[in-house]
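Single-letter residue listing:
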Amino acid sequence: MDIEKIRADFPYLDSKNVGKEVIYLDTAATSQKPVQVIEAVDKYYKYKNANPHRGAHFLSYEATQAYENSRDEIKEYIGAKHREEVIFTRNATEALNLIAYSYALDNLHEGDEILITILEHHANLVPWQQVCKKTGAKLVYAYLKDDYSLDYEDLKSKINKNTKIVSFTGASNVTGEIIDVKKIVGWAHEVGAIA
């Protein structure tokens, strides 16, 4: 992986224009955008800016096509089976709240468990605390090793027949660790939990 090539895609990381060498570590709060995203958004606002699914005129049609085509591209990128599995939200916080309050509240019961890691941002903690308070489900935590990396053995040992949801970050904004998503999702699915 050529880090400098990746950095070159992000205008804010250009030390010549910013005036100093930059390392940006607050992506969990606000991510810097690569130039390809900035250019795509610019092009959209210039040539396709209309309400998707809300008009019969040409520009609305173009906006609808862009919106729906992005759903298909994301479906392929994440390996979803159906395009209807791709739901757009404003951010991860909204997505987590949507899952917690539209799915978990109606489907979890006393004795069920939600497993999260101790690495989680409040956006992936507070909704589950509230769901547990209202449903009687139990919130279970996976911990870290002494080197602050996720303890996968601890996490796996806490997945059981009562585990209904496993929710975790893909990359920690605290430790910088990139989580092995496929491994954890596989473990969760083995017991019928969603992840």
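Read on for a plain summary of the structure. In this text the structure is predicted, and so the values were computed from the model without any measurement. (Residues numbered from 1 in each chain as written. Predicted model: local features only at pLDDT ≥ 70, side-chain atom pairs only at ≥ 80, totals over all residues. Heavy atoms only, no water.)

1. What about the overall build of the protein?
When its secondary structure is counted, the protein shows eight helices and three strands. Along the chain direction, N to C, the helices and strands of the protein fall in the order α-α-α-α-α-β-α-β-α-β-α. Dimensions of the protein along its principal axes, counting C-alpha atoms only, are 55 × 50 × 25 Å. Taking all 195 residues of the protein together, 29% fall into the buried category. Excluding contacts between residues fewer than 6 apart, the proportion of contacts in the protein whose partners are at least 24 apart in sequence is 54%. Surface summary for the protein: the accessible area is close to 13,300 Å², and the carbon and sulfur share equals 53%. A distance of 3 Å separates the average location of the 24 positive side-chain charges in the protein from that of its 29 negative side-chain charges. (Helix = DSSP H or I, 4+ residues; strand = E, 2+ residues; numbered from the N terminus. Buried < 20%, exposed > 50% of the residue type's maximum accessible area, 1.4 Å probe, protein only. Contact = heavy atoms within 4.5 Å. Areas by Shrake-Rupley, 256 points an atom, 1.4 Å probe, with all protein chains shown as cover. Lys, Arg positive; Asp, Glu negative; His and termini not counted. Charge placed at Lys NZ, Arg CZ, Asp CG, Glu CD.)

2. Quick word on the nonpolar core
Counting residues in each nonpolar core, the largest one holds 15 residues, and the members touching the most others are Leu 115, Leu 150, Leu 155, Val 166, Ile 179 and Ile 184. Elements with a minimum of two residues in this core: β2 (138-142), α7 (152-157) and α8 (181-190). Top element by residues in this core is α8. It accounts for three residues. Residues Ile 114, Leu 125, Cys 132 and Ala 137 belong to the second largest nonpolar core, which totals 14 residues. (Core = buried A, V, L, I, M, F, W, Y, C linked by side-chain atoms within 4.5 Å.)

Geometry only, nothing functional implied.
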